[in-house]
Each structure stands twice: as structure tokens, then as C-alpha cells.
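# Reading the structure
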Amino acid sequence: MKSKRLHFDAKWIFILLISAFLLVFLVFPLLYLLFRAFFTDGSFSLDALKRIYSYSLNWNCILNTLLTASLSTVFGLLIAFPLAWLVTRTNLYGRRFFHGVFLLTYLVPPFVGAMAWIRLLNPKVGTVNKVLEELFGLSEAPFNIYTIGGMVWVLTTFYYPIAYIILCRALEHMDTSLEEAARISGASGRKTFFTVTLPMLLPSIGASAILVFVAAASCFGIPSIIGTPGKIYTVTTRISEYVATGTSQGLTDATVISAFLLLLSLILLFTMNVVMGRKDRITISGKSVRSNTIDLRKWRIPMTIFASLFAVIAVLIPFLSIVTTSFKQDMGKSLFTEGNLTFRFWQNIFTRSTIIKSALNSLLTAGLAATLGMIICVIMAYMMKRTGVKGRRIPDFLIALGSGTPSIVIALSLIMSMSGRFGINIYNTLMILVVAYMTKYMMMGMRTMVSGFSQIGSVLEEAAAVSGAGWSRRMKDVVLPMLLPSIAGGWFLIFIPSLYELTMSNILYSTNTMTLGVELFLYQVNSSQQTASALACCILLLVTLLYLIMRKLTKGKLSV
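Residues numbered from 1 in each chain as written. Predicted model: local features only at pLDDT ≥ 70, side-chain atom pairs only at ≥ 80, totals over all residues. Heavy atoms only, no water.

## Structural notes on the overall build of the protein chain
On a plain count of helices and strands, the protein chain comes out with 24 helices and zero strands. In terms of overall dimensions, the protein chain is globule-like: its C-alpha atoms have a radius of gyration of 25 Å, near the 24 Å expected for 560 residues. Overall size of the protein chain, expressed as C-alpha extent along the three principal axes, is 85 × 70 × 45 Å. Burial analysis of the protein chain (560 residues in total) assigns 56% to the buried set. A fraction of 78% describes how many contacts in the protein chain between residues 6 or more apart in sequence connect residues 24 or more apart. (Helix = DSSP H or I, 4+ residues; strand = E, 2+ residues; numbered from the N terminus. Rg over C-alpha atoms; globule rule 2.2 N^0.38 Å. Buried < 20%, exposed > 50% of the residue type's maximum accessible area, 1.4 Å probe, protein only. Contact = heavy atoms within 4.5 Å.)

Right, here's the structure in full:
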């Protein structure tokens, strides 16, 4: 018999360090949150659960959350899938232009969409309602934004890009040889789509559905701005009310009701990782592939018109509403009314110290979260696609766990566990925001890097190894230059939501750690909607400029 020696692999160090980070700042806080839900006074008790779940208003919040998140997921997929297919697989006119337009709602805070649609569909003074009333002689407004339907519409239009990004990447990187084989065998385009293409995309569709559902269910800004005036309360707004009490019982009640969101997300993650895990391995080829471009023929112009109408309704009109509001002295009057045009709200953005400080805090925390997050993502993607080292799937699963955990649950768990009770105190610091952003958004960077490694193949890397180049030299001269578009894209996808994040920031911020998302939200709700609109425009301009710079640096190959 041959003696077996324990071989130490240096890659385990990276796996251990990344796993340790996620265990300390994600898993342990979540477990402690669940512990606190059942051990409120140090001993096992169901009193808090009975108090919370015997209150009818809390059950209404749960039902509203499930309803709005489910409908937003369904409608989001119905929108995202055809748009992704048209942009990636057909000869649609202006595909690159439309791709950029469809990403725009991902680049701004979702609650900015709520601000815009309130001005458009307010039952009393909404611009769209007023125009339709005059055109058709209606006695009352045809739309009311302060309803379940209004909330679902805004959630859908601002969260469908999550599914759109994932489906675009899946369609671009999918091996089309099976589709070609089906067509050669005589299958029609429709039959090929339903029997070959759609089954191959089901794992990506399932993952998209789960991420959109969790994002919609854990959203705070939209339910707060639209739902609260319409008396439509959700779990996130209820948790915020409990935390705002500032009492120990309030925090306990927030913990108990947030446990519902956590358990729901764990069930969904189990479904995604276990039930669909095997199928996901055959969805994307391990080699570089090129998607077939489908000729739309007579449908090319109608489909271009369809894409244009959606872009105008879901993107252009609400954004135009935000821009015009930022220049209005009186929001109830037309921008072209004499004396109503003003620039003073834009001046506020560049002169008020609180806004400037919040902008610096957001740029710093988002930049750190994106940079540190992408270092982890690059290392883990390399482990997943280039090595067979044992244990590499543990950090990958933990990254997925963070993405699938509702934002408000992450914030609450960090408050309870990172305030010095267990030797780590980052409460009321910028670092707690960086940790929260990293654990929540690294999934987008991880998937971008995995796709990037799948596409470049390993031939050039192997050739460099044969020529005598070491691992570090191969990474510096061969792998990283080819991965630059994916690295830039992943960094961008983490940076953007971190820059304007509200749900976690609203709970974690202090006087010295105010962020852009919180600043914008407070202006919208408490003081000046025009200043909020000007700040939203500045965020959009900043993000658009960053997007253009990164496209220039990657020579138009930015992987977003």
C-alpha cells in the first residue's frame, strides 16, 4: 500500500480568509438575529413572536410584502426576458443604444422612481392624470399611484434590470450548438426556443426571479414614499417603525418580524442552490461561444417600436419629470410659467456642507465596497473556474447567501452583533456600511467574473505556463488584461447600488456617516422635493459619466 501524505494547498489560505470574513460579518450576525428572536431575555420564549404575529397590522404587512414582491417578480421577468432576448440575440435596430437605456433604471436609486411616478400619477395633481383628464374629458383621475398596483409598477420598472442583466449575460454566453442542431434537424424557430433555448435558460430565469423577489421584498424607499400615504404597509416599513422607537422592545420586535424575511430568503436560496444547482452547470459552455443573430425580418420594425415605447414610458418620462422638477420654483406650475424657472436648488447641491459630506461618505464607502468586493470575486472566480481545490464552493455559497438575504435583515443583524458585544465594534462608523454593501452586492461581481473566466478559456494561460511563466506572471500579463472588461463591469455593478443604497443605510447611518441615499430620501420626505430631484439628477449624471469612462477604458467592452 502507498502511504498518503496530507498535501497543503496554498489556495486554502485564500478560501479560509474569505470564508472567515463572511462567517464573521454575515453568518454569525444572521444566526444571532435568529437567536434573539427566540431568546429575547436570555431564555427561550415565544412571547415576542406571539406579540408580533397576533397583531393584524403585521399580518397585513406580510401579505402586502408577498403580494407586491411576487407581482413585481412576475412582471419584471415578463419585461426583462423579451428585452434581453431582443438586445442580445436579434438584429433589433439600435441594440447597443437600447441596452444602455434599459440599464438606466439600475443606475439611479429605486425610490427616485417613486418620486417621479408620484408627480406623474398623483390622483390630484399628477401630470399624466391631468393630461388624460383634459384629453378624454374624464371626471376623475384614471390612475392612482398610492395603490398596490402603483407600488408594483414602480417596483417592477426599477428592479427588472436585475433580471435583465443576468439574462443578457446568460444569452450572450450560452452555447448555441444545441439550437443549431435542433434547426438542422428540422425544428422550427418556435419549437427550438421552447424545447432547447428556454430549458437551458431556466436556471438563470430562476436565479433572476429569486433576486428580484428578494430585492422587491426588502425595498424600503418605494413602500415608504408610495405605500405609507396610501396606507399600504410592508415588512420593511414596519421594521423601520419599530427601530425608530429607539427602545429595547422596539429592536426586539424589529428582529422578530425581520426573521420572517430571513427565513423566506433562506428557503428561496435553498431552492436556487440545491434544486437548480445541477442544471446551472450545463447552461453555459466552458469555452468561448458566439451567439447566433436571429433575423427578425418583418418583425424588426415593430419590435424596435415596442422597445422604443417601453424606453419612453418606463425611462424617459419619469426621468424627465425628475429633471423638470429640479428647476421649478413652484412644483404645481409649468416649468415655462414666467418666474418659475430657478437654479437655486442645484446651487444647494454644491453649497450645502451636509450634502457634500454625504457625497464624500457615499463615494468612499461604495468605492471601498466595490474594490474589496472585486478582489474577493476575482480570487473566488479563479478558484471556481481554474482549480479543483477543495472547499472552493463554501465562499461561493456564502456570497450567494449575502445577496439573497434582505437588506434590512443584514442591517439589523450587524447592529446587534457589531456594537462591541462580541469584541467587534464598528457601529456608527463608515466601516459597517462597507461591510453591509460588500455582503449584499458581491454576488453581481462574482457572477460577472465567473462568466469572464468561462469566456477567455485557458489556452493562452497554458501556453504561458509552458513558456516558463509563473502563476503571478501569468495572472499579470495574460489573465488580468483579458479579464479587464469583466473586472470593470463587476466593480461597476457593486459600486452603483452601494452609492445610493437606502434600506441598510437608513438603519446604519449616524450623524457623521450620512450617505447620499439617506440625504436624498430625507429631502424628499421632510423638506424640499426640488432639492431631492436636483440631487437625484446629480447622481444620475455622476453614474453616467463613470459608465462612459469605464467603457472608454475597456474600449467599449465593459461587461455590464
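Next comes the rest of the description.
## Structural notes on unusual backbone geometry
Positive phi values are uncommon outside glycine, yet arginine 297 reaches one of about 55 degrees. As for its placement among the helices and strands, arginine 297 is situated in the loop between α13 (277-280) and α14 (300-325). At asparagine 428, a residue that is not glycine, the phi angle is positive and equals roughly 65 degrees. Note on placement: asparagine 428 falls in the loop between α18 (407-417) and α19 (430-456). With relative accessibility at 39%, the residue asparagine 428 sits in the partly exposed group.

## Quick look at the environment of threonine 245
Mapped onto the fold, threonine 245 is located in the loop between α11 (235-244) and α12 (248-275). Residues threonine 245 and isoleucine 356, 111 residues apart in the sequence, show an inter-C-alpha distance of 29 Å. Within the structure, the side chain of threonine 245 is placed 2.5 Å from the backbone oxygen of tyrosine 242, a separation counted as a polar contact. (Polar contact = N/O pair within 3.5 Å; in protein donor to acceptor, adjacent residues only side chain to side chain.)

## So, a nonpolar patch on the surface
There is a patch of nonpolar side chains on the surface, built from Tyr93, Ile301, Ile305, Leu309, Val312, Ile313, Leu316, Ile317 and Leu320 and spanning about 820 Å² of accessible area. Along the chain, valine 312 falls in helix α14. On the basis of relative accessible area, valine 312 is assigned to the partly exposed category, the value being 36%. (Patch = residues over 30% accessible without salt bridge, like charges linked within 9 Å, V, L, I, M, F, W, Y side chains within 5 Å. Areas by Shrake-Rupley, 256 points an atom, 1.4 Å probe, with all protein chains shown as cover. Salt bridge = Lys/Arg side-chain N within 4 Å of Asp/Glu carboxyl O.)

## So, the confidence of the model for the protein chain
Any region with low pLDDT has predicted coordinates that should not be read closely. Across the protein chain, pLDDT averages 86, with 94% of residues at or above 70. The secondary-structure element of the protein chain with the lowest mean pLDDT is α13, recorded at 48, while helix α3 (residues 56-89) shows the highest, at 94. In this model residues 278-288 is a low-confidence stretch, pLDDT under 50, and it forms 18 contacts with partners more than four residues away in sequence or in other chains. (pLDDT = per-residue confidence, 0-100.)

## A look at the side chain of threonine 439
Within the secondary structure, threonine 439 sits in helix α19. By relative accessible area, threonine 439 is classed as buried at 2%. Of note is the side chain of threonine 439, whose polar atom sits 3.0 Å from the backbone oxygen of alanine 436. Beyond its immediate sequence surroundings of up to four residues, threonine 439 is in contact with Phe25, Leu26, Ile399, Gly402, Ser403 and Ile410.

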